[in-house]
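Architecture and fold: a report
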Amino acid sequence: MLQSFKHLFTCNLVLSRSFSGYVSRMRYLMRLKEDDEAYREALKSGKVLLYHKLSPLLRKTSSGVYKLASLKTSDLEQILEKVGKDKHFVNESFLLGCTDKGEPQFSLEVGDLDRSALEKECRGMFVDLRKAFFMIPGPESPLAAKGQALLRWHQTNCFCSATGQPTVRNQSGSFRVCHSSGITYYPKMAPVVIVLVSDGSRCLLARQAMFPAGMYSALSGFCDMGESVEEALHREVAEEVGLEVENLQYSGSQHWPFPQSSFMLACHATVNPDKTQVNIDKAELEDARWFTYEEITEALQNPPRDPRREPPVFWVPPSYAIANQLIQEWANQQQLSRKLHRLK
Ligand SMILES: NC(=O)C1=CN([C@@H]2O[C@H](COP(=O)(O)OP(=O)(O)OC[C@H]3O[C@@H](n4cnc5c(N)ncnc54)[C@H](OP(=O)(O)O)[C@@H]3O)[C@@H](O)[C@H]2O)C=CC1
Ligand SMILES: [Mg+2]
């Protein structure tokens, strides 16, 4: 028996050597989710992102740029003790992923601790996530979002919905179990369709009353139970602006942490250019209108610095939102077809 395990172990080593770095990292993360001992070891050598009441900790670099602060576990233990918390509190961290170099990353909620004392000790500041997205480099946004989403999910899933009994997390935080009912709960995202509708020369953007002043985005909506992406997309456009879309084209997807975790599925679609009259559902939308290529390129080229303080008349969601990707793709497509048209 022992020999066969040994054999398996050797095979795994050989295999992992032949894997690409990406595969090795994914296999490593898989192991950390399942093997508590390996998880504890990883936590000792990993880095932790701190959140205070779900706001991530940022640090200003010497070049004046803000970045997500990730603290070495040993440093964090010392900081915790300085602010009057047991160092073993780091064990409450959740596994987030690992860097390209295979360094494990974790998130920890420290909302019960004194915010300013922590900020001083960590040489950083806790910033509301929406605001942080305007400050940190684009590639850090998904990690900041995931860290917050995972913490929120654990905070709001402490009890079993069948028995009302407390649920218990596994070590890595990849699920929670109710020992009374035996039900395992995994972190969830709600599927949402988002679509940029074009009539060939203009695109349709809308705003909800709760959006920041002047911001217009692509149409979006939660998928109903049992719906396909295509059905949800047709229904949402019909409900919100009274149009029938065709030629659906998938663009990409994104995890979106606000207000709860959504899984955004982004598509392009067209309408018949003779049937573009919008009929807005005022319960959902404050406004929806067609924008020209010139209006869109102007908005893309001049994103507002601080839209909540100085909102422009019209602006589009920032680059970390998948709506921005859709709008950018549409503008590129328009530019190309205009060039081709001129060549004819
Ligand atoms: N990343 C991006 O680029 C963008 C992301 N989004 C995100 O997409 C999500 C959906 O967009 P939105 O247009 O508001 O959606 P909908 O058009 O479906 O309308 C939202 C309404 O659906 C109800 N609702 C809330 N949560 C759920 C749920 N989990 N399942 C079913 N219905 C629900 C709410 O009703 P009630 O309030 O009555 O309970 C809410 O008023 C939002 O979270 C938004 O932040 C939107 C645009 C761009
Ligand atoms: Mg909507």
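As annotated in an unreviewed UniProt entry, the protein chain carries the name NAD(+) diphosphatase and is attributed to Onychostoma macrolepis.

Let's talk about the nonpolar core
In terms of nonpolar packing, the biggest core is built from 42 residues, with Phe133, Ile194, Leu196, Leu205, Ile296 and Phe314 touching the most fellow members. The element contributing the most residues to this core is helix H10 (residues 322-343), with six residues. Of the residues that make up this core, three or more belong to each of domain 1 (21-157) and domain 2 (190-343). In contact with Leu205, not counting residues within four places along its chain, are Leu196, Tyr216, Ser217, Ala218, Asp287, Ala288, Arg289, Phe291, Ile296, Phe314, Val316 and Ile327. Grouped together as the second largest cluster of nonpolar side chains are 25 residues, Leu57, Ile79, Phe89 and Leu118 included.

Some details on the coordination of the magnesium ion (ligand 2)
The coordination sphere of the magnesium ion (ligand 2) contains the protein donors Ser220 (O) and Glu240 (OE), at a distance range of 2.1 to 2.2 Å. Taken as a pair, Ser220 in strand S13 (residues 219-222) and Glu240 in helix H8 (residues 229-241) lie far apart in primary sequence, 20 residues in all. Judged by its relative accessible area of 24%, Ser220 is partly exposed. The exposure class of Glu240 is buried, given its relative accessible area of 4%.

Some thoughts on empty space enclosed by the protein
Taking a probe equal in size to a water molecule and rolling it over the atoms shows the remaining empty space. Following the criterion strictly, the structure yields one cavity of 30 Å³ or more and no others. Lining the largest cavity we find Ala206, Gln208, Phe211, Ser217, Ala218, Leu219, Ser220, Glu240 and Leu285. Here the lining of the largest cavity is composed, by residue class, of five nonpolar, three polar and one charged.

Comments concerning the UniProt feature "domain: Nudix hydrolase" (unreviewed entry) in the protein chain
The UniProt feature table records "domain: Nudix hydrolase" (unreviewed entry) at residues 187-313. Strand forms 35% of residues 187-313 and helix 17%; the C-alpha atoms that close the span are 38 Å apart.

Concerning the site of ligand 1
Neighbouring residues of ligand 1: 20 residues in total, closest Ser220, Phe222, Glu240, Phe258 and Ala323. Taking Glu240, its side chain carries an N or O atom lying 2.7 Å from an oxygen atom of ligand 1. With the chains in place, 59% of the 920 Å² that ligand 1 exposes on its own is no longer accessible. Under a 2 Å grid-point criterion requiring more than half of the atoms, the pocket assigned to ligand 1 is the largest pocket.

What about the confidence of the model for the protein chain?
For the protein chain, per-residue confidence averages 93 on the pLDDT scale, and residues scoring 70 or more make up 94% of the total. Scored as a whole, the predicted complex attains pTM 0.90, and scored at its interfaces, ipTM 0.95.

Details of the packing of helix H2 (residues 21-34) against helix H3 (residues 36-45)
For any two helices packed against each other, the geometry is given by the interaxial angle and the distance between the axes. In contact at an axis separation of 6 Å, H2 and H3 are set at 115° when each is read in the N-to-C sense. As the angle between them shows, H2 and H3 are arranged roughly perpendicular. When the axes of H2 and H3 are compared, the crossing they make is left-handed. Between H2, through Tyr28, Arg31, Leu32 and Glu34, and H3, the contact on the second element is made entirely by Asp36, Ala38, Tyr39 and Ala42. For the contact of H2 with H3, the per-class residue count stands at five nonpolar, no polar and three charged.

Considerations on the pattern of salt bridges
Considering all chains together, one arrives at 15 salt bridges under this definition. Between Lys44 and Glu41 there is a salt bridge whose closest N-O contact spans 3.0 Å. Here Lys44 pairs with Glu41, and both are found in helix H3, just three residues apart, close to one helical turn. Take Lys44: its relative accessible area is 58%, and that puts it in the exposed class. The residue Asp287 makes a salt bridge to Arg289 at a minimum N-O spacing of 3.8 Å. Ionic contacts of the salt-bridge type, sharing partners, join the residues Asp224, Glu227, Arg235, Glu236 and Glu239 into one network.

Comments concerning the pairing of strand S11 (residues 190-198)
With seven of nine residues buried, S11 is to be regarded as a mostly interior element. Here nine bridges tie S11 to strand S15 (residues 262-270), and the two strands are oriented parallel to one another. Looking across to S15, one finds that Val192 is bridged to Met264. As defined by bridge partners, S11 adjoins S13 across four bridges and the pair is classed as antiparallel.

What counts, and where the lines are drawn
- Residues numbered from 1 in each chain as written.
- Chains lettered and ligands numbered in written order.
- Predicted model: local features only at pLDDT ≥ 70, side-chain atom pairs only at ≥ 80, totals over all residues.
- Heavy atoms only, no water.
- Core = buried A, V, L, I, M, F, W, Y, C linked by side-chain atoms within 4.5 Å.
- Buried < 20%, exposed > 50% of the residue type's maximum accessible area, 1.4 Å probe, protein only.
- Helix = DSSP H or I, 4+ residues; strand = E, 2+ residues; numbered from the N terminus.
- Domains from an automatic or database assignment.
- Contact = heavy atoms within 4.5 Å.
- Donors = N, O, S within 2.8 Å, 3.2 Å for Na, K, Ca; no water.
- 1 Å grid on protein atoms, 1.4 Å probe; cavity = no way out; pocket = protein on both sides within 12 Å on 5 of 7 lines; lining within 4 Å.
- Points joined across faces, edges and corners; volume = space filled by probe spheres on them.
- Nonpolar A, V, L, I, M, F, W, Y, C, P; charged D, E, K, R; others polar.
- UniProt positions renumbered as here; feature names shortened; annotations may be inferred.
- Near = heavy atom within 4 Å.
- Polar contact = N/O pair within 3.5 Å; in protein donor to acceptor, adjacent residues only side chain to side chain.
- Areas by Shrake-Rupley, 256 points an atom, 1.4 Å probe, with all protein chains shown as cover.
- Sits in = over half its atoms within 2 Å of the grid points.
- pLDDT = per-residue confidence, 0-100.
- Axes fitted to C-alpha atoms, helices over the stretch in contact; angles between N-to-C directions.
- Parallel < 35°, antiparallel > 145°, perpendicular 65-115°, else oblique.
- Left-handed = near helix turned anticlockwise from the far one by under 90°.
- Salt bridge = Lys/Arg side-chain N within 4 Å of Asp/Glu carboxyl O.
- Pairing = 2+ DSSP bridges.

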